[in-house]
Amino acid sequence: MGCELCELAVPTVVDNDKFAVILVDDANYPGFARVIWMDHVREVSDLADEDRLLLNDAVYKLELAVREVMQPLKVNVASLGNVVPHLHWHVIPRYADDAHFPAPVWAQAQRTTDEAVLVARRARVPQLAEAIARRFTDR
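All figures in this text were calculated on a predicted structure; none of them were measured in a lab.

## Some details on empty space enclosed by the protein
At step 1: A full pass over the atoms with the stated rule returns one cavity of 30 Å³ or more.
At step 2: Of the volumes computed, that of the largest cavity is approximately 30 Å³.
At step 3: Considering the residues around the largest cavity, the lining is formed by Asn-28, Tyr-29, Pro-30, Pro-93, Tyr-95, Asp-98, Leu-118 and Arg-121.
At step 4: In terms of residue class, the lining of the largest cavity is made up of five nonpolar, one polar and two charged.

## Description of the sheet that holds strand E2 (residues 19-23)
At step 1: Judged by pairing direction, the sheet is antiparallel, and its five strands sit side by side in the order E1-E2-E3-E5-E4 without closing on themselves. Either end of the sheet is taken by a strand with one partner, and the two such strands are strand E1 (12-15) and strand E4 (74-78). On average, adjacent strands in this sheet sit at an angle of 15° to one another, irrespective of strand direction.
At step 2: Of the pairings in the sheet, the one linking E2 to strand E3 (residues 33-37) comprises five bridges and is antiparallel in character. The residue of E3 that forms the bridge with Ala-20 is Ile-36.
At step 3: Contacts between helix H1 (residues 49-70) and the sheet are confined to E2, E3, E4 and strand E5 (88-94), with E3 contributing the most and set at about 170° to the helix.
At step 4: Here helix H3 (residues 125-137) sits on the sheet and contacts E1 and E2; the angle it forms with E2, its principal contact strand, is near 160°.

Cut-offs used in this document
Residues numbered from 1 in each chain as written. Predicted model: local features only at pLDDT ≥ 70, side-chain atom pairs only at ≥ 80, totals over all residues. Heavy atoms only, no water. 1 Å grid on protein atoms, 1.4 Å probe; cavity = no way out; pocket = protein on both sides within 12 Å on 5 of 7 lines; lining within 4 Å. Points joined across faces, edges and corners; volume = space filled by probe spheres on them. Nonpolar A, V, L, I, M, F, W, Y, C, P; charged D, E, K, R; others polar. Pairing = 2+ DSSP bridges. Helix = DSSP H or I, 4+ residues; strand = E, 2+ residues; numbered from the N terminus. Axes fitted to C-alpha atoms, helices over the stretch in contact; angles between N-to-C directions. Contact = heavy atoms within 4.5 Å.

These figures come from the coordinates and say nothing about function on their own.
Following this line, the structure appears as structure tokens:
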């Protein structure tokens, strides 16, 4: 059985020997991103202190970029990963008009977000990719 995240064929915004940052192609949630730890590690508590701090810093930088560009009402940060053997953090911009708000994005939809609003948010995704890359190259 293969590993879903090892076999994931999506472009990365940040890619190094420890983690990758990807933008998730979700039409209803433009700006949805993930930090994926490269090694097969299930829990943060399995990481060495240095790696735990590196992962935490990556999630922090990603959240900052999402807030800067997407201007959400709230940012959801979640680590679920009950099936895949990779630590990964979901960083999801949330808005009062999104389909699931105030519930998690995995819950039953409450409404349909206006398509014009989604188009405008999708238009910011290239700028988000640039902001993410910049945050990970700035020292």
